[in-house]
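An overview of the molecular structure
Given next are the chains, with one letter for each unit.
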Amino acid sequence: MSVELRHLEHFMAVAEERSFTRAAARLHLVQSTLSVSIRSLERELDGRLFERTTHHVELTDAGWALLTEARNVLASVETARDAVAAAHGGLRGTVRVGIMHSLTLIDLAAVLTRYHQERPHVRIIPSPAQGGSMELVHQVIDGALDLAFAALPADYPPGLTVHPLASEPMRLACPVDHPLARRRVVPLTELDGESFVDAPPGWGTRLSADRILLESGVRRRIAVEVADVPTVVELVRAGFGFAFLSESLTAGTRAVALLPVHPEPVFEISLITAADRHPTAAAQALISLVLATFAPRPNA
């Protein structure tokens, strides 16, 4: 068998992009060259890796089976390259970082800027996820991401190392002229049966609110699902329903009132990595910088 690393790199690009056109652009190849490479890999492995239609490219069962192994092989090669580069006094490589759409509780931009200044030869690829924290978790476990920032309120699934970084209580958002806006604290039980504007399932804020309401025996109706915090604020202001939001997500706005509730949901951001894979040297350097910057320090 003569499978080459470039064949696996080409396969990974098509698998992740779900498009030969986008994968070719990502790899700076002409599409015909990429197609020849994939056909060569399929011949070597004696099986079709992709189902191709006019508009879609999907992995076959054989393709899904190869995906994890290809990621592991390429990750090992990246680790070896990093080790050689580090021995020569320089850190190189690529770090794939999963980020939430609203990450205001920590100043991640400042950390990434510092990292880039100290290690200019490392390429950082930020990757947001439409499916929120749950999608980021699965991408770290599957190896699509080296690390991610997520906000699950309950126990994380097996296969992860979780480092809590920062947390804050979530408040009840309501129109400023709503009767509840004059209250100092709102018991959750008073919200039974009310309408809410919230993020889609899988987002950290949604999961935190769902959990605390379930524990309190409070039912609510999701009137609108919106994957954008400013739009949530505007819909609450327009009277479509209440929302649970943290203060860092709504800093600077006076469009809605933010009220403490009891008991209160908590929004907690954690750094997550795969427990069964060693990070590359470049990824480990970023992990160490994030933890040194944000991780809570034990009481003296």
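Refer to the preceding data block for the structure.
Cut-offs applied
Position numbers for residues count from 1 along each chain, tracking the sequence in the order it is written. Only residues with pLDDT of at least 70 are given local features in this predicted model, and only at 80 or more are side-chain atom pairs given and counted; all residues enter the totals for whole chains, interfaces and linings. Values reported for side chains reflect all heavy atoms of the structure, with hydrogen atoms and water molecules removed beforehand. Think of it in three bands: residues with accessible area under 20% of the maximum for their type are buried, residues over 50% are exposed, and the middle band is partly exposed, with areas taken using a 1.4 Å probe on protein chains only. The way it works is that DSSP assigns letters per residue, a run of H or I at least four long becomes a helix, a run of E at least two long becomes a strand, and they are numbered from the N terminus. Paired strands are those between which DSSP finds at least two bridges. Points on a 1 Å grid over protein atoms alone make up a cavity when a 1.4 Å probe fits among them but cannot get out, and a pocket when they form an open set with protein on both sides within 12 Å along at least five of seven lines; lining residues each have an atom within 4 Å of a point. Grid points are joined across faces, edges and corners, and a volume is the space filled by probe spheres set on the points. Charged residues are taken to be Asp, Glu, Lys and Arg, nonpolar residues to be Ala, Val, Leu, Ile, Met, Phe, Trp, Tyr, Cys and Pro, and polar residues to be all remaining types, Gly included. Here, nonpolar core refers to any group of buried Ala, Val, Leu, Ile, Met, Phe, Trp, Tyr and Cys residues whose side-chain atoms link them within 4.5 Å. For this analysis, residues touch if any pair of their heavy atoms sits within 4.5 Å. By this rule the span expected of a helix is its residue count minus one, scaled by 1.5 Å. Counted as salt bridges are all cases of a side-chain nitrogen of Lys or Arg within 4 Å of a carboxyl oxygen of Asp or Glu.

This part takes up the pairing of strand S13 (residues 266-274). The element S13 is extensively covered by neighbouring structure, given that seven of its nine residues are classed as buried. Relative to S13, strand S5 (residues 147-150) is paired through three bridges, and the arrangement is antiparallel. Across the sheet, residue Ala148 finds its bridge partner in S13, namely Ile272. Here strand S6 (residues 160-175) pairs with S13 via nine bridges, running antiparallel. Of the residues in S13, the one forming a bridge with Ala166 is Ile269.

The tally for this structure, following the rule as stated, stands at two cavities of 30 Å³ or more. As for the largest cavity, its lining consists of Met100, His101, Ser102, Ala129, Gly132, Ser133, Trp203, Gly204, Thr205, Val229, Leu249 and Phe267. Going through the elements one at a time, helix H6 (132-142) and helix H7 (204-216) are the ones with two or more residues in the lining of the largest cavity. In this model, the second largest cavity occupies a volume close to 70 Å³.

This part takes up the layout of surface pockets. Considered as a void within the structure, the largest pocket measures approximately 1,300 Å³ in volume. If you go around the largest pocket, you meet 43 residues; those closest to its centre are Glu16, Arg26, Arg96, Gly143 and Ala144. If you list the elements that add at least two residues to the lining of the largest pocket, you get helix H1 (5-17), helix H2 (20-27), helix H4 (61-87), strand S3 (93-99), strand S4 (122-128), H6, S13 and helix H9 (281-294). Of all the elements, H4 adds the most residues to the lining of the largest pocket, at 12 residues. Residue classes in the lining of the largest pocket are distributed as 16 nonpolar, 14 polar and 13 charged. By volume, the second largest pocket amounts to about 180 Å³.

Attention shifts here to the nonpolar core. The biggest cluster of nonpolar side chains holds 57 residues, and the ones touching the most others in it are Phe149, Leu172 and Phe244. In terms of residue count, H9 provides more of this core than any other element does, eight residues in total. When sequence neighbours within four positions are dropped, the list of residues in contact with Leu172 reads Leu180, Val186, Leu191, Phe196, Phe242, Ala243, Phe244, Ala257, Leu258, Leu259 and Val261. Among the nonpolar cores identified, the runner-up in size contains 20 residues, and Ala13, Ile38, Phe50 and Leu59 belong to it.

The subject of this paragraph is H7. If you check H7, its first and last C-alpha atoms are 18 Å apart, about what 13 residues at 1.5 Å a residue would give, namely 18 Å. Residues of H7 that are buried: Gly204, Thr205, Arg206, Ser208, Ala209, Ile212 and Leu213. Buried residues along H7 sit in contact with H6, S6, strand S8 (195-198), strand S9 (221-225), strand S10 (243-246) and S13. Directly after H7, the chain includes Gly217, whose backbone phi takes a positive value near 70 degrees.

Let us now look at the pattern of salt bridges. As a working rule, side chains carrying opposite charge can pair if their charged atoms are close by. Across all of its chains, the model carries 19 salt bridges by this definition. Glu42 serves as the salt-bridge partner of Arg52, at 3.5 Å between the closest nitrogen and oxygen. Here Arg52, found in strand S1 (residues 50-52), pairs with Glu42, found in helix H3 (residues 31-45); they are 10 residues apart in sequence, far enough to count as distant. Taking the relative accessible area as the measure of exposure, Arg52 reaches 33% and is therefore partly exposed. The exposure class assigned to Glu42 is buried, which follows from its relative accessible area of 10%. The salt bridge involving Arg219 is made with Asp192; its shortest N-O contact spans 3.3 Å. With Arg219 in the loop between H7 and S9 and Asp192 in the loop between strand S7 (186-187) and S8, this residue pair connects regions lying 27 residues apart in the sequence. It is possible to trace a salt-bridge network through shared partners that takes in Asp198, Arg206, Asp210, Arg220 and Glu225.

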